[in-house]
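Given next are the chains, with one letter for each unit.
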Amino acid sequence: MRQLFTISGRYAATEDVSITSQVSGLSWDTRLKGFGICLLICVVLGIIATIVYFTGGSLSGFAILYSLAVIFGLGSTLFLMGPMNQLRKMFDSSRFIATIVFLICVAMTLVSAIAIKVPVLVLLFVILQFLALLWYTLSYIPYARNVIKSCCGALMRG
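Residues numbered from 1 in each chain as written. Predicted model: local features only at pLDDT ≥ 70, side-chain atom pairs only at ≥ 80, totals over all residues. Heavy atoms only, no water.

With that out of the way, let us pick up the nonpolar core. Within the largest apolar cluster, 18 residues are counted, with the highest numbers of intra-cluster contacts made by Tyr66, Phe102 and Val126. In terms of residue count, the dominant contributor to this core is helix H3 (residues 59-81) (seven residues). Dropping the residues within four chain positions of it, Val126 is found in contact with Phe62, Ala63, Tyr66 and Thr109. (Core = buried A, V, L, I, M, F, W, Y, C linked by side-chain atoms within 4.5 Å. Buried < 20%, exposed > 50% of the residue type's maximum accessible area, 1.4 Å probe, protein only. Helix = DSSP H or I, 4+ residues; strand = E, 2+ residues; numbered from the N terminus. Contact = heavy atoms within 4.5 Å.)

Counting across every chain of the model gives five aromatic pairs. Between Phe62 and Tyr66 the ring centres are 5.8 Å apart and the planes differ by 25 degrees, which places this aromatic pair in the stacked class. Of the two residues, Phe62 and Tyr66 are both situated in helix H3; the distance of four residues between them amounts to about one turn of the helix. Across the pair, Tyr66 and Phe62 agree in class, each one buried. Taken together, the ring pairs connect Tyr53, Phe54, Phe62 and Tyr66 into an aromatic cluster. (Phe/Tyr/Trp six-rings, centres within 6.5 Å; stacked < 30°, edge-to-face > 60°.)

Let us look at the confidence of the model for the chain. If pLDDT is low for a region, its predicted coordinates should not be looked at in detail. In the predicted model, the chain carries a mean pLDDT of 85, and 84% of its residues have values of at least 70. Per-element confidence in the chain ranges from a low mean pLDDT of 42 for strand E1 (residues 3-5) to a high of 95 for helix H5 (residues 96-116). In this model residues 1-15 is a low-confidence stretch, pLDDT under 50, and it forms 14 contacts with partners more than four residues away in sequence or in other chains. (pLDDT = per-residue confidence, 0-100.)

What follows concerns the UniProt feature "transmembrane region" (unreviewed entry) in the chain. Under the UniProt annotation, the feature "transmembrane region" (unreviewed entry) is placed at residues 34-56, 62-84, 96-116 and 122-141. In residues 62-84, helix accounts for 96% and strand for 0%; the two terminal C-alpha atoms are 31 Å from one another. Counting secondary structure, residues 122-141 comes out at 85% helix and 0% strand; the distance between its end C-alpha atoms is 29 Å. (UniProt positions renumbered as here; feature names shortened; annotations may be inferred.)

Another point: the packing of H3 against H5. H5 packs onto H3 with a crossing angle of 150 degrees between their chain directions and a minimal axis gap of 9 Å. The angle between H3 and H5 falls in the class roughly antiparallel. In the packing of H3 onto H5, the handedness of the crossing is left-handed. Together, Ser60, Ala63, Ile64, Ser67, Val70, Ile71 and Leu74 of H3 and Phe102, Val106, Thr109, Leu110, Ala113 and Ile114 of H5 make up the contact between the two elements. Per-class residue counts for the contact of H3 with H5 are 10 nonpolar, three polar and no charged. (Axes fitted to C-alpha atoms, helices over the stretch in contact; angles between N-to-C directions. Parallel < 35°, antiparallel > 145°, perpendicular 65-115°, else oblique. Left-handed = near helix turned anticlockwise from the far one by under 90°. Nonpolar A, V, L, I, M, F, W, Y, C, P; charged D, E, K, R; others polar.)

At their nearest, the axes of H3 and helix H4 (residues 83-90) sit 7 Å apart, and the two run at 120 degrees to each other. Comparing the axis directions of H3 and H4 gives the class oblique. When you trace H3 past H4, the crossing you get is right-handed. Here Leu74, Thr77, Leu78 and Met81 of H3 lie close against H4, whose contacting residues are Pro83, Asn85, Gln86, Lys89 and Met90. Considered class by class, the residues forming the contact of H3 with H4 number five nonpolar, three polar and one charged.

Here you go:
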């Protein structure tokens, strides 16, 4: 993964890997371990959040665990791409609105769950957070947003 096989039969380090290593100061192996650990924490928190929700635990507990899981999931990619590259891509014009909506929804989910404690708001912001993250993620798949827009447009027309 660290190296790409070229047509000539030689191995060449990819530009992204070498640039990110120089910027972050972490080796490729260390970055993969950081990614894996954060992703594992994300999955574990997500599972615990789901268990809390379906066993009748508090909606606030679910929302906090879910938001932390999403933050760790997003944080895991920092190890692969590097913080500045991640921020540049997150605030690229094609992702800017989705990123802002997502970050606001994460903050409002936590505020609704911890300070305000209004279950309807907590649930609303969890749903919006999920949809914003989905829309953000789709921006990395070529034409995915266009396909979703056309499917939704077709459903709306009948």
